[in-house]
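So the chains spell out like this:
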Amino acid sequence: MTDDRALISRTLRGDMQAFTLLIRQHERLVAHMISRLVKNDEEREELCQDVFLKVYEKLAEFNFQSKLSTWIATIAYRHAINHMRKKKLLYTAIPEEESFSAHFTEDANPESLMEDRDMDTFVMKLVDLLPTNYKLVLTLYHVEGMTYEEIGSVTNMPEGTIKNYIFRARTLLKEKVKSILPKEEWL
Amino acid sequence: MNEADKKLQEKIEAGFSDPVSDIDAKLYQQIFSALEKEPEYTLPTSFVDRVVHKIQHEQARSAKREYFWLCVGIILLIVAMVFAIAFTGFKISAGFLSGISAYKGLFVFGAAFIVFLNWLDKKFIRAKSDVL
């Protein structure tokens, strides 16, 4: 993988080949983050494009205080949240813990959830029902392998909160799976 | 949050759990494995080209915009000068200019000659070097 510093300095000198390489190295991360929060395919691609346009515009301001990937993830996170607010999409911050937990695990189970006998698909459908920030921290932690500190830089949340969100989200998923699937399918 | 769940999750992350005897551990393992799967969504292969095209398009637009504002600035400057001269009755005889006012024709010729030389340069010399 080409060194971030070299890529950035070449891009700032106007070398579009370098920026192409930079996009290729980070498009997976941006696509994962955006796709977890926005479900419409056209909007997803447009948002990913906007993220990289912003990256290009602000690249001179990147000060190497964090990894380039963390900085790009921060831009993607803000873009996705702003988009959701603007479009009045279901942006759910973290609701009251007690009431949400009860609602999430006891809510009537729609038939679409029961259709999947594949555990991975089933769990991912449940993830989609979680509040936005839960979904995002789970993706950054489990798929992108970011540390709590890195997730904190991306989302501007304290590390303790992130740790708490991840544990709570996984507990909710486990309780939901337990309440929906018949016992013989747990094992 | 349930402390037992927290401990169990930490054990699974560290790889010390016994999923065979513990149903919760088994469920957590399945959840962890599902969460680690990459989302299916991938960007189209033309994605990078589209972003680069958008950037280049925006750069061209921005250059045009800058050129437009430069022209507007020059025009406004000329208009302001004309108004200033008209309202203040400025005469070329003011101060040190009175000494050179006798050579008006020479200055006009000088300016016209420079413009002519530039035109010759553009028309014949630069055009030739572009061909080479």
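In this text the structure is predicted, and so the values were computed from the model without any measurement. Along each chain, numbering runs from 1 in the same order as the chain's sequence is written. By the order in which they are written, chains take letters starting at A while ligands take numbers starting at 1. Two thresholds apply to this predicted model, a pLDDT of at least 70 for residue-level local features and 80 or more for giving and counting side-chain atom pairs, whereas whole-chain, interface and lining totals are computed over all residues.

(A) Expanded view of the interface of chain A and chain B. Whether two residues are in contact is decided by their C-beta atoms, placed from the backbone, lying within 7 Å. Taken together, the contact between chain A and chain B spans 34 residues of the former and 28 residues of the latter. No other element matches the 10 residues that helix α2 (residues 16-37) of chain A contributes to the side of chain A that touches chain B. Polar here means any residue outside two lists: the nonpolar Ala, Val, Leu, Ile, Met, Phe, Trp, Tyr, Cys and Pro, and the charged Asp, Glu, Lys and Arg; Gly therefore counts as polar. Grouping the constituent residues of the side of chain A that touches chain B by class yields 18 nonpolar, 6 polar and 10 charged. Only DSSP runs of H or I with at least four residues qualify as helices, and only runs of E with at least two residues qualify as strands; both kinds are numbered from the N terminus onward.

(B) The arrangement of helix α3 (residues 41-58) of chain A in detail. Here, expected helix span is obtained from the residue count minus one, scaled by 1.5 Å. If you check α3 of chain A, its first and last C-alpha atoms are 26 Å apart, about what 18 residues at 1.5 Å a residue would give, namely 26 Å. In this scheme every C-beta is placed from the backbone, and a residue whose C-beta has 20 or more other C-beta atoms within 10 Å is buried, one with 12 or fewer is exposed, and one in between is partly exposed. For α3 of chain A, the full list of buried residues reads Arg 44, Glu 45, Leu 47, Cys 48, Val 51, Phe 52, Val 55 and Tyr 56 of chain A. If you follow the buried residues of α3 of chain A, they end up packed against α2 and α4 (68-86) of chain A together with α3 (47-88) of chain B.

(C) Examining the domain arrangement of chain A more closely. Residues and elements named next belong to chain A. Domain segmentation is taken from an automatic or database assignment of domains. Splitting chain A by domain gives domain 1 (4-86) and domain 2 (97-185). If you look at the interface, domain 1 gives 11 residues, while domain 2 gives 11 residues. Secondary structure elements with two or more residues in the side of domain 1 that touches domain 2: α2 and α4.

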